[in-house]
There are 2 protein chains.
Amino acid sequence: MAVDKDPASEAWELLWEVMQANKPRFMALAQELGLSPVQLHTLRIIEPGVEVPMSSLAGKLFCDNSNVTGIVDRLEARDLVERRPAENDRRVKLLVLTAEGERIRGIAHGQMTQPPPEIAALPIEHKRALRDALRAAVDSRDAATASR
Amino acid sequence: MAVDKDPASEAWELLWEVMQANKPRFMALAQELGLSPVQLHTLRIIEPGVEVPMSSLAGKLFCDNSNVTGIVDRLEARDLVERRPAENDRRVKLLVLTAEGERIRGIAHGQMTQPPPEIAALPIEHKRALRDALRAAVDSRDAATASR
DNA sequence: AGAAAAAGTTGAGGTAGTCAACTATCGCCT
DNA sequence: AGGCGATAGTTGACTACCTCAACTTTTTCT
């Protein structure tokens, strides 16, 4: 007789499956907007009106600084993003969305925050349960990182 | 006064956040195994002892056939995967894991199916709720695709 | 048989990613 | 103040990934 799997492991696998199933949507959106997946992801990281140093982007993209240079070069070439010098530290360059950048990001954000049909169609108790469990998970992670 | 956000949208955002937080673990694992992220992902798609046509891989990786050729070339160069002709259709090539491929995939699979700490540390009711809600979501998607 | 479609490969061209070396700047330290 | 080590970003070389169009071989349809 098979031993029941840990519910956490099962949940984790299902989580993967749901995200995997949504990859096509993400790819299609990128294509519609004429962006590569990385460019779309990058655009989403930069919030409208907020200046972000390039090195912070490197952290969030989990890649190295020299790579960010290239990505930003291409975004800047399309006028989606602008490099500007930082006041207090002349080594750093701050990134800001241009008007066009904000526009594109707005469209992307609107689409991507829309839950996929299989989540949207869930009965309300399941939606709430999902939200509450995930909220607890994220909060516990935040607490863990804060205490480091 | 702010209107409460739809719990499904909130859940969806949190889901993203959890997966995002886990990317470093995935990247680190790939690096340890000496694989690129795509190679690791590909290896996970091919189940031990199961022959997979290349075109099916293209579908699962959401990319085109010519790209699969390159990815498989590199995996084959490392003896993780083997191309073999299909019996009934001489156009298709079937991929199988080599012994070494199964070994590496085994390690990867063992690590990746392990839920991240923030999920593992959840109280049991939350774990079960998460599993049940996600199971329902995945099942409803499967039902939808089956009826097409 | 002959046309159309499918599986895989090749080559050209662009994006993404790493690493090492370099420049400019900052911070500290005594 | 002068000097040294760290940090931010860039550049260049090299690899991996990815798409598109063109091509070969084989299958399928009619």
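This text follows the structure it describes.
These notes cover the structure that comes with them. Source: prediction; values computed, not measured.

1. Considerations on the overall build of chain A
On a plain count of helices and strands, chain A comes out with seven helices and three strands. Scanning chain A from its N terminus toward the C terminus, one meets helices and strands in the order α-α-β-α-α-β-β-α-α-α. Against the compact-globule benchmark of 15 Å for 148 residues, chain A has a radius of gyration of 19 Å, which places it well outside the compact range. Considered along the principal axes of its C-alpha atoms, chain A spans approximately 65 × 40 × 30 Å.

2. Concerning the protein's contact with DNA strand C
What surrounds DNA strand C is a group of 23 residues, the closest being Ser36, Cys63 and Ser66 of chain A together with Ser55 and Ser66 of chain B. At the level of secondary structure, the elements contributing two or more residues to the surface near DNA strand C comprise α2 (37-45) and α4 (65-77) of chain A together with α3 (54-61) and α4 (65-77) of chain B. When residues of the surface near DNA strand C are assigned to their parent elements, the largest contribution, five residues, is made by α4 of chain A. When the residues that make up the surface near DNA strand C are grouped by side-chain class, the tally is seven nonpolar, nine polar and seven charged.

3. Concerning the interface of chain B and chain A
With 38 residues of chain B at the interface, the matching set in chain A holds 38 residues. Of all elements in the fold, only α1 (7-33), α6 (117-120) and α7 (124-146) of chain B reach the threshold of two or more residues within the side of chain B that touches chain A. The leading source of residues in the side of chain B that touches chain A is α1 of chain B, at 16 residues. Considered class by class, the residues forming the side of chain B that touches chain A number 24 nonpolar, four polar and 10 charged.

4. Thoughts on the pairing of strand β3 (residues 93-97) of chain A
Residue and element names in this part refer to chain A. Note: strand β1 (residues 52-53) against β3, two bridges, orientation antiparallel. Its bridge partner lying in β3, Val52 is registered against Leu95. Taken together, the five bridges between strand β2 (residues 81-85) and β3 define a ladder with antiparallel strand orientation. Bridge pairing links Pro85 to Lys93 in β3.

5. Re the environment of Asp142 of chain B
With respect to the helices and strands, Asp142 of chain B occurs in helix α7. Considered as a pair, Asp142 of chain B and Ala99 of chain B are 43 residues apart in the sequence and their alpha carbons are 32 Å apart.

6. As for the protein's contact with DNA strand D
By nearness alone, 24 residues border DNA strand D, and Ser55 and Ser66 of chain A together with Ser36, Cys63 and Ser66 of chain B come closest of all. Mapped by element, the contributors of at least two residues to the surface near DNA strand D are α3 (54-61) and α4 of chain A together with α2 (37-45) and α4 of chain B. If you tally residues by element for the surface near DNA strand D, the top one is α4 of chain B, at five residues. Of the residues contributing to the surface near DNA strand D, the split by class is seven nonpolar, nine polar and eight charged.

7. Quick word on the sheet that holds strand β3 (residues 93-97) of chain B
Residue and element names in this part refer to chain B. The sheet built from three strands is open, its strands ordered β1-β3-β2 with antiparallel pairing. Since the sheet does not close on itself, it has two edges, and those belong to β1 (52-53) and β2 (81-85), each with one partner. Taken strand by strand, α4 contacts β2 and β3, and its axis lies near 115° from that of β2.

8. Things to note about α1 of chain B
In an α-helix there are 3.6 residues to a turn, and that puts residues three or four apart on one side. Residue and element names in this part refer to chain B. End to end, α1 covers 39 Å across 27 residues, agreeing with the expected 39 Å (1.5 Å per residue, within 8%). In the structure, α1 departs most strongly from a straight axis at Asn22, where the bend amounts to approximately 30° and where the proline Pro24 lies between one and four residues downstream. Looking only at α1, the buried set comprises Pro7, Ala8, Glu10, Ala11, Trp12, Leu14, Leu15 and Val18.

9. Some words on the relation of the copies chain B and chain A
Mapping chain B onto chain A leaves a residual RMSD of 0.1 Å; the transformation is a rotation of 180° accompanied by 0.0 Å of translation along its axis. In symmetry terms, the pair is related by a two-fold rotation axis. Here 100% of the contact residues of chain B are again contact residues in chain A; the copies associate through an equivalent surface.

10. A look at the packing of α2 of chain A against helix α5 (residues 99-112) of chain A
For any two helices packed against each other, the geometry comes down to the angle between their axes and how far apart the axes lie. All names here are of chain A. Remark: α2 packs on α5, axes separated minimally by 9 Å, with the N-to-C direction vectors making an angle of 100°. One finds that α2 runs roughly perpendicular with respect to α5. Between α2, through Leu40, Leu43 and Arg44, and α5, the contact on the second element is made entirely by Gly101, Ile104, Arg105, Ala108 and His109. By residue class, the composition of the contact of α2 with α5 is four nonpolar, two polar and two charged.

11. Considering the sheet that holds β2 of chain A
The strand order β1-β3-β2 (chain A) describes an open sheet built from three strands, whose pairing is antiparallel. Since the sheet does not close on itself, it has two edges, and those belong to β1 and β2 of chain A, each with one partner.

Rules used throughout
- Residues numbered from 1 in each chain as written.
- Chains lettered and ligands numbered in written order.
- Predicted model: local features only at pLDDT ≥ 70, side-chain atom pairs only at ≥ 80, totals over all residues.
- Helix = DSSP H or I, 4+ residues; strand = E, 2+ residues; numbered from the N terminus.
- Rg over C-alpha atoms; globule rule 2.2 N^0.38 Å.
- Near = placed C-beta within 6 Å.
- Nonpolar A, V, L, I, M, F, W, Y, C, P; charged D, E, K, R; others polar.
- Contact = placed C-beta atoms within 7 Å.
- Pairing = 2+ DSSP bridges.
- Axes fitted to C-alpha atoms, helices over the stretch in contact; angles between N-to-C directions.
- Expected span 1.5 Å × (residues − 1).
- Bend = angle between axes of the 7 residues up to and from the residue.
- Buried ≥ 20, exposed ≤ 12 C-beta atoms within 10 Å, placed from the backbone.
- Least-squares fit on C-alpha atoms with pLDDT ≥ 70 in both.
- Parallel < 35°, antiparallel > 145°, perpendicular 65-115°, else oblique.

In short, shape yes, function no, at least from these values alone.
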